[in-house]
Amino acid sequence: SQQGEEDPQALSIQEGENATMNCSYKTSINNLQWYRQNSGRGLVHLILIRSNEREKHSGRLRVTLDTSKKSSSLLITASREADTASYFCATARPSNDYKLSFGAGTTVTVRA
Amino acid sequence: DVKVTQSSRYLVKRTGEKVFLECVQDMDHENMFWYRQDPGLGLRLIYFSYDVKMKEKGDIPEGYSVSREKKERFSLILESASTNQTSMYLCAITSPGTARETQYFGPGTRLLVL
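Note that the structure is predicted; figures quoted are calculated from it, not measured. Along each chain, residue indices are assigned from 1 in the same order as the chain's sequence is written. Each chain is given a letter, starting from A, and each ligand a number, starting from 1, according to the order in which they appear as written. At least 70 in pLDDT is required for a residue's local features to be given in this predicted model, at least 80 for side-chain atom pairs to be given and counted, and no such filter applies to totals for whole chains, interfaces and linings, which use all residues. For side-chain calculations, the full set of non-hydrogen atoms in the structure is used, while hydrogens and water are omitted.

Participant: Kindly report on the overall build of chain A, identifying the contributing residues and their values.
Facilitator: A helix here means a DSSP run of H or I that spans at least four residues, while a strand means a run of E at least two residues long, and both kinds are numbered starting from the N terminus. Each helix and strand counted, chain A has 0 helices and 11 strands in total. Order of helices (α) and strands (β) in chain A, N terminus to C terminus: β-β-β-β-β-β-β-β-β-β-β. C-alpha atoms of chain A, sized along the principal axes, occupy 45 × 30 × 20 Å. The rule is simple: take the accessible area with a 1.4 Å probe, protein chains only, and divide by the maximum for that residue type; under 20% is buried, over 50% is exposed, in between is partly exposed. For chain A, the proportion of its 112 residues judged to be buried stands at 45%. Sequence-distant contacts in chain A: of pairs separated by 6 or more residues, those separated by 24 or more amount to 55%. To be clear on the numbers: accessible area is Shrake-Rupley with a 1.4 Å probe, and residue cover counts the displayed protein chains and nothing else. Per element, the accessible surface of chain A, about 5200 Å² overall, is 44% carbon and sulfur. Side-chain charges in chain A split into 14 positive and 11 negative, and the spacing between the mean points of these groups amounts to 6 Å. The contact criterion used throughout is that any non-hydrogen atoms of two residues lie within 4.5 Å. Within this scheme the basic residues Lys and Arg register as positive and the acidic residues Asp and Glu register as negative, but His and the chain ends are omitted. The atom standing in for a charge is NZ when the residue is Lys, CZ when it is Arg, CG when it is Asp and CD when it is Glu.

In structure tokens form, the structure reads like this:
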């Protein structure tokens, strides 16, 4: 069942700008992960944040998690054309942390 | 590096045909997954396997079966393909150890059923 929902569905920004996308989910989680998918390819894992963490960084990526609001955000700073992709959040429930529930994704287009 | 390969990138089949999609990993990973991806619906789990000959239904198993005779190979079988099974199919594995919650994906198979 689809647990996460991303917002917005699509985002178009200029190179160098920041891109922010949000994910909301319904039930308690063990961790939340973000994945990227380039057109027609498989997904690539970006970052994992655990339920007891509030913020995590990896390079130009910043993820926040608010378990009281059941939401997460992914910020990509100083975007590049190569960041053009679809981004998915995925949640792992406490009872079964190797099964993930994915949202429908946010499509990001970075214009040169 | 973790490597997950899928037997075909593109596949065209006729309604009623039996279709085999194969996923092969190059490491000794236990957990393997099959998803389908459709626009606006994200990824939905069809089946997963946590060991040889062990399998568990995901969220949408109807119309599909799986086979895992060897640890490195996980096959998805469409017993009698239908047009509503036209989709992108993605195989994934999890890595043992501290990163076991992270999934590694194959490149995907885009299946068209006519």
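Next comes the rest of the write-up.
Participant: Lay out the pattern of salt bridges with the relevant residues and their values.
Facilitator: What makes a salt bridge here is a side-chain nitrogen of Lys or Arg within 4 Å of a carboxyl oxygen of Asp or Glu, nothing more. For the structure on display, the rule yields 11 salt bridges over all chains. Here Lys-26 of chain A and Glu-5 of chain A are joined by a salt bridge, their closest N and O atoms 3.8 Å apart. Residue Lys-26 of chain A is found in the loop between strand S3 (19-24) and strand S4 (31-37), and its partner Glu-5 of chain A is found in strand S1 (residues 5-7); the two are separated by 21 residues along the sequence. Of the residues examined, Lys-26 of chain A reaches a relative accessible area of 53% and is grouped as exposed. Note on Glu-5 of chain A: relative accessible area 43%, which makes it partly exposed. The partner of Lys-53 of chain B in a salt bridge is Glu-69 of chain B, with the nearest N and O atoms 2.5 Å apart.

Participant: How would you explain the sheet that holds strand S3 (residues 19-25) of chain B if you had to name every residue and give the values?
Facilitator: Residue and element names in this part refer to chain B. Strands were regarded as paired on the criterion that DSSP finds at least two bridges between them. Pairing is antiparallel in the open sheet, where 4 strands are placed in the order S1-S3-S8-S7. A strand with exactly one partner marks an edge of an open sheet, and here the two such strands are strand S1 (4-6) and strand S7 (64-70). Taking each pair of neighbouring strands and ignoring which way they run, the sheet shows an average axis angle of 20°. Two elements, S3 and strand S8 (residues 73-78), share 6 bridges in a ladder whose sense is antiparallel. Its bridge partner lying in S8, Val-19 is registered against Leu-78. Fitted lines through C-alpha atoms give the axes, limited to the stretch in contact for helices. The angle between two N-to-C directions lies from 0 to 180 degrees.

Participant: Residue-level account of the sheet that holds S1 of chain A, with values.
Facilitator: Residues and elements named next belong to chain A. Taken in spatial order, the 5 strands of this open sheet run S1-S3-S8-S7-S6, and their pairing is antiparallel. Where the open sheet ends on each side, the last strands, each with one partner, are S1 and strand S6 (55-58). Within the sheet, the average angular offset between the axes of one strand and its neighbour, ignoring direction, is 20°.

Participant: If you had to explain the state of the cysteines to someone new, which residues and values would you point to?
Facilitator: Disulfides are defined as cysteine sulfur pairs within 2.5 Å. Applying the stated criterion across every chain, the model contains 2 disulfides over all chains. At a sulfur-sulfur separation of 2.0 Å, the disulfide partner of Cys-23 of chain A is Cys-89 of chain A. Between Cys-23 of chain A and Cys-89 of chain A the sulfur-sulfur dihedral comes to about 65°; the bridge is accordingly right-handed. In this pair, Cys-23 of chain A sits in strand S3 while Cys-89 of chain A sits in strand S9 (residues 85-93), placing the two residues 66 residues apart along the sequence. A relative accessible area of 1% places Cys-23 of chain A in the buried class. Judged by relative accessible area, Cys-89 of chain A falls into the buried class, the value being 0%. Across the disulfide, Cys-23 of chain B is cross-linked to Cys-91 of chain B (sulfur-sulfur distance 1.9 Å).

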